[in-house]
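Working through the structure, step by step
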Amino acid sequence: MQIIALTSSKGGVGKSTLAVNLAGALSLRGPCVLVDEDHAIQTSRNWITGSQIPVQLAPLGEYPAGTRSVVIDTEGRPAITDMVQLSRACDTLLIPTAPNGNEMKATVDLYESLRAKGADMDRVRVVVTRSTPTGRVGEAARDHLRSLNVTVCTTIVRAYAAFQRAEEQQVLVQDVRDERAPNAWADVCALALEVS
Ligand SMILES: Nc1ncnc2c1ncn2[C@@H]1O[C@H](COP(=O)(O)OP(=O)(O)OP(=O)(O)O)[C@@H](O)[C@H]1O
Ligand SMILES: [Mg+2]
């Protein structure tokens, strides 16, 4: 069983959007469970509840027999000690960041704090998300972060309105009727492949 957790020091970076869609992509390879640890907002729980998305919700640590992957969505700005613990309890701790100065700085600060507090850095990876679909802004951000010795996924998740529609319609982004939805889904699948 493989466990992927999403966290960040800022809110609204795209954790829940990635959590639900990544879980959907991972479910193609076997039963996938999503844990919504954001008890206040519950974006991913609400997205999945009553939907046709083939992902089961479960409490932390209570996974049905046969579960192949687990995706854990967390609240924005959890305590650093909780993140350190999470890094030891999962296979991959993903930190989404947009390719802008503010979010990248917050991400580098978080990465350094995790290292200083003894997180398992072999498991921590940043993923550039909400990147402009054209141009090389995402790639430049990824390469800059790598130059700072931050481990960054090669996959860049681009910004598409289809992701927002997917949440509104309680579907995976692949099921949104939008000509760019296949691009959005391709990014999610590439990320799923990279982290599993
Ligand atoms: N790749 C993307 N392209 C376009 N919009 C996106 C993308 N990822 C996230 N968004 C949008 O950004 C907003 C915040 O995303 P999301 O709720 O996933 O972030 P979050 O990190 O889970 O936030 P919170 O900290 O509040 O839990 C939402 O409106 C979502 O639709
Ligand atoms: Mg969220």
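Now for a description of the structure that goes with this document. (Residues numbered from 1 in each chain as written. Chains lettered and ligands numbered in written order. Predicted model: local features only at pLDDT ≥ 70, side-chain atom pairs only at ≥ 80, totals over all residues. Heavy atoms only, no water.)

1. Quick word on unusual backbone geometry
Backbone geometry follows two general trends: most residues other than glycine have a negative phi, and most peptide bonds adopt the trans configuration. As a reminder, the rule being used: Put simply, DSSP H or I for four residues or longer makes a helix, DSSP E for two residues or longer makes a strand, and each gets a number counted from the N terminus.
With phi around 55°, R130 is a residue other than glycine that occupies positive phi space. Here Q170, not a glycine, exhibits a phi torsion of approximately 55°, which is positive. Looking at where Q170 falls in the secondary structure, it is placed in the loop between α6 (161-169) and α7 (181-195).

2. Some thoughts on the site of ligand 1
So the rule is basically this: Summary of the distance rule: residues count as near a molecule or strand when at least one heavy atom falls within 4 Å of that molecule or strand. Polar contacts, as counted here, are pairs of nitrogen or oxygen atoms within 3.5 Å of one another; within protein the pair requires one atom able to donate a hydrogen and one able to accept it, and residues that are adjacent in sequence qualify only if both atoms are side-chain atoms. The accessible surface values rely on the Shrake-Rupley method and a 1.4 Å probe; as for residues, cover is taken only from the protein chains in view. Any residue with an atom within 4 Å of a point lines the site, the site being either a cavity, points on a 1 Å grid over the protein atoms alone where a 1.4 Å probe fits but cannot get out, or a pocket, an open set with protein on both sides within 12 Å along at least 5 of 7 lines. Grid points define the cavity or pocket, and a molecule sits in it when more than half of its atoms lie within 2 Å of them.
Around ligand 1, the structure places 17 residues, and the nearest of them are G12, K15, S16, T17 and Q164. Taking G12, its main chain carries an N or O atom lying 2.9 Å from an oxygen atom of ligand 1. Alone, ligand 1 offers 640 Å² of accessible surface; in the complex the protein occludes 82% of this. Here ligand 1 occupies the largest pocket. Of all the secondary-structure elements, those providing two or more residues to the shell around ligand 1 are α1 (15-26) and α6. Top element by residues in the shell around ligand 1 is α1. It accounts for three residues.

3. Focus on the layout of surface pockets
Selection rule: Grid points are joined across faces, edges and corners, and a volume is the space filled by probe spheres set on the points. All amino acids are sorted into three groups, where Ala, Val, Leu, Ile, Met, Phe, Trp, Tyr, Cys and Pro are nonpolar, Asp, Glu, Lys and Arg are charged, and the leftover types, Gly among them, are polar.
Considering only enclosed or pocket space, the largest pocket measures out at about 480 Å³ in volume. Those elements that place two or more of their residues in the lining of the largest pocket are α1, α2 (43-48) and α6. With four residues, the top contributor of residues to the lining of the largest pocket is α1. The residue makeup of the lining of the largest pocket, split by class, is eight nonpolar, 10 polar and seven charged. The volume enclosed by the second largest pocket comes to roughly 180 Å³. Along its surface, the second largest pocket is lined by T7, E37, H39, L60, I72, T74, E75, P78, D82, M83 and L86. At three residues, the largest contribution of residues to the lining of the second largest pocket is made by helix α3 (residues 80-89). In terms of residue class, the lining of the second largest pocket is made up of five nonpolar, three polar and three charged.

4. A word on the side chain of T155
Note the threshold: Buried means the residue's accessible area, taken with a 1.4 Å probe over protein chains only, is under 20% of the maximum for its type, while exposed means over 50%, and partly exposed covers the values in between. Contact definition: two residues touch when any of their heavy atoms are within 4.5 Å.
Take T155: it is sitting in the loop between α5 (137-147) and α6. For T155, a relative accessible area of 12% translates into the label buried. Engagement of the side chain of T155 in a polar contact is seen with the side chain of E194, the distance being 2.6 Å. Once residues lying within four places of it in the same chain are set aside, the contact partners of T155 are V127, V128, D187, A190, L191 and E194.

5. Let's talk about the pairing of strand β6 (residues 124-128)
The test is simple: Look down the strands so they point away from you; if the path from the first strand over the helix to the second goes clockwise, the crossover is right-handed.
Burial runs high along β6: four of the five residues are buried. In this fold, the crossover linking strand β5 (residues 92-97) to β6 by way of helix α4 (residues 101-116) has right-handed handedness.

6. Brief notes about the sheet that holds β5
The line we're drawing: Here a strand pair is declared whenever DSSP counts at least two bridges between the two strands. Helix axes use the C-alpha atoms of the stretch in contact, all axes being lines fitted to C-alpha atoms, and the angles between their N-to-C directions lie in the range 0 to 180 degrees.
As summarised here, the arrangement of the six strands in space is β3-β2-β4-β1-β5-β6, forming an open sheet in which the pairing is parallel. Edge positions in the sheet fall to β3 (56-57) and β6, since each of these pairs with one other strand and no more. As paired strands, strand β1 (residues 2-6) and strand β4 (residues 69-73) are joined by five bridges and run parallel to one another. In the sheet register, Q2 faces β4, and the bridge partner there is S69. This element, α1, spans β1, β2 (32-36), β4, β5 and β6 of the sheet and lies at about 170° to β4. Sheet strands touched by α5: β5 and β6. Its angle to β6, the strand with the most contacts, is close to 155°.

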